[in-house]
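# Understanding the architecture of this molecule
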Amino acid sequence: MKHSLPGKTGLIRIGIFLAMALVISNIFRFDLFQLRDELSLLPAWLFVLANVLLEGSGVFLGAIVGLSMLRREKVVTVSLCGTSAKKCALMLAIPVILLTGFGVENTFTLNSNLYGLIAVLGSLIYCLMEELGWRGYLQEELRFLPPRQKYVTIGVVWYLWHLTFLTEASFGENIFFLSMMILGSWGIGQVADATKSIIAAACFHLIIQIMMFNALIKDGLTSNEKIVVLIVCLLIWFVIVKKWEKENQSSIKAEAEVQ
């Protein structure tokens, strides 16, 4: 396959996506309009979901625009469920069951099990919104690049989108975060390539969120509970993704033989 950089129209699409992702999401992430105090008057579960939707809105809206433009020029190979809605449902069910069962301690005076359900569903919505941008749009836009170049580029852009360098994070923390974004882009990117599913990618994104950065869960799970969630999810998901990948490869091979 020929490797090439996006053409002029591709660069325009990427520019529009990045501008929307950076401006819209970070308006709400850094609370520039001071909406958080107003939102805090809502019931706790609405406050949680509203923050999730607003912070992920830039990447989500940028992806919608980018994908609508990309589809006019190329076939987009990644979709919400990829090639198996059943496998997506199974992957989603596992963290929902685990976090609802364990319960997540919170400051909203909500029952921990109920909040666990709200937190995991809200986190999944957020991850889906992000993954529509990073794997659904940007990885598709760059899919003709060599894998290493593609994953590193997405990882760097993903890091820049967070604007961590504008916070009080140290130089070492920024380097660590950049490394995690590149590593995450490689791992989640391969899941998206194997399954053609944004939901599958979002599940692995969720694990990164739970273990390190998730604002909804924070310290609501104990270290042991996080380890159990990590091990159970990764083990089951690995089996699902490997089987999924083999089925996709067999399907592609069968189609090629027919042609």
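Residues numbered from 1 in each chain as written. Predicted model: local features only at pLDDT ≥ 70, side-chain atom pairs only at ≥ 80, totals over all residues. Heavy atoms only, no water.

## As for unusual backbone geometry
The residue Lys196 is not glycine, and still its phi comes out positive at about 60°. Within the secondary structure layout, Lys196 lies in the loop between helix H7 (171–195) and helix H8 (198–213). Backbone geometry places Lys218, a non-glycine residue, at a positive phi of 45°. Assignment of secondary structure puts Lys218 in the loop between H8 and helix H9 (223–258). (Helix = DSSP H or I, 4+ residues; strand = E, 2+ residues; numbered from the N terminus.)

## Things to note about the side chain of Glu131
Note that Glu131 resides in helix H5 (residues 112–141). At 2.6 Å, the side chain of Glu131 and the side chain of Arg135 are in polar contact. Each residue touching Glu131, except ones within four places of it in the same chain, is listed here: Gly136, Trp158, Ile188, Ile198, Ala201, Ala202 and His205. (Polar contact = N/O pair within 3.5 Å; in protein donor to acceptor, adjacent residues only side chain to side chain. Contact = heavy atoms within 4.5 Å.)

## Digging into a nonpolar patch on the surface
The grouping of Val152, Val156, Leu160, Phe165 and Leu166 at the surface amounts to a nonpolar patch, some 410 Å² of accessible area in total. Looking at the secondary structure, you find Val152 in helix H6 (residues 147–162). (Patch = residues over 30% accessible without salt bridge, like charges linked within 9 Å, V, L, I, M, F, W, Y side chains within 5 Å. Areas by Shrake-Rupley, 256 points an atom, 1.4 Å probe, with all protein chains shown as cover. Salt bridge = Lys/Arg side-chain N within 4 Å of Asp/Glu carboxyl O.)

## Some thoughts on the pattern of salt bridges
As enumerated under the stated definition, the model contains 8 salt bridges in all. Between Lys87 and Glu247 there is a salt bridge, with its nearest N and O atoms 2.9 Å apart. In this pair, Lys87 is assigned in helix H4 (residues 85–102) and Glu247 in helix H9, connecting sequence segments 160 residues apart. For Lys87, a relative accessible area of 17% gives the class buried. Here Glu245 makes a salt bridge to Lys242, at a shortest N to O gap of 3.3 Å. You can see Glu245 and its partner Lys242 sitting in helix H9, 3 residues apart, about one turn around the helix. Residue classification places Lys242 among the partly exposed residues on the basis of a relative accessible area of 36%. Several salt bridges share partner residues, and in doing so they unite Arg13, Glu73 and Glu141 into one network. (Buried < 20%, exposed > 50% of the residue type's maximum accessible area, 1.4 Å probe, protein only.)

## Some remarks on the packing of aromatic side chains
All chains considered together, the criterion is met by 9 aromatic pairs. Look at Phe17 and Tyr137: their rings are 5.0 Å apart centre to centre, the planes differ by 50°, and that puts the pair in the tilted class. One end of the pair, Phe17, is in helix H1 (residues 8–29); the other, Tyr137, is in helix H5, and 120 residues separate them in sequence. Here Phe17 and Tyr137 have matching classes, each one buried. Judged by centre distance (6.3 Å) and plane angle (40°), the rings of Trp134 and Trp158 are tilted. Highlighted residues: Trp134 in helix H5 and Trp158 in helix H6, separated in sequence by 24 residues. (Phe/Tyr/Trp six-rings, centres within 6.5 Å; stacked < 30°, edge-to-face > 60°.)

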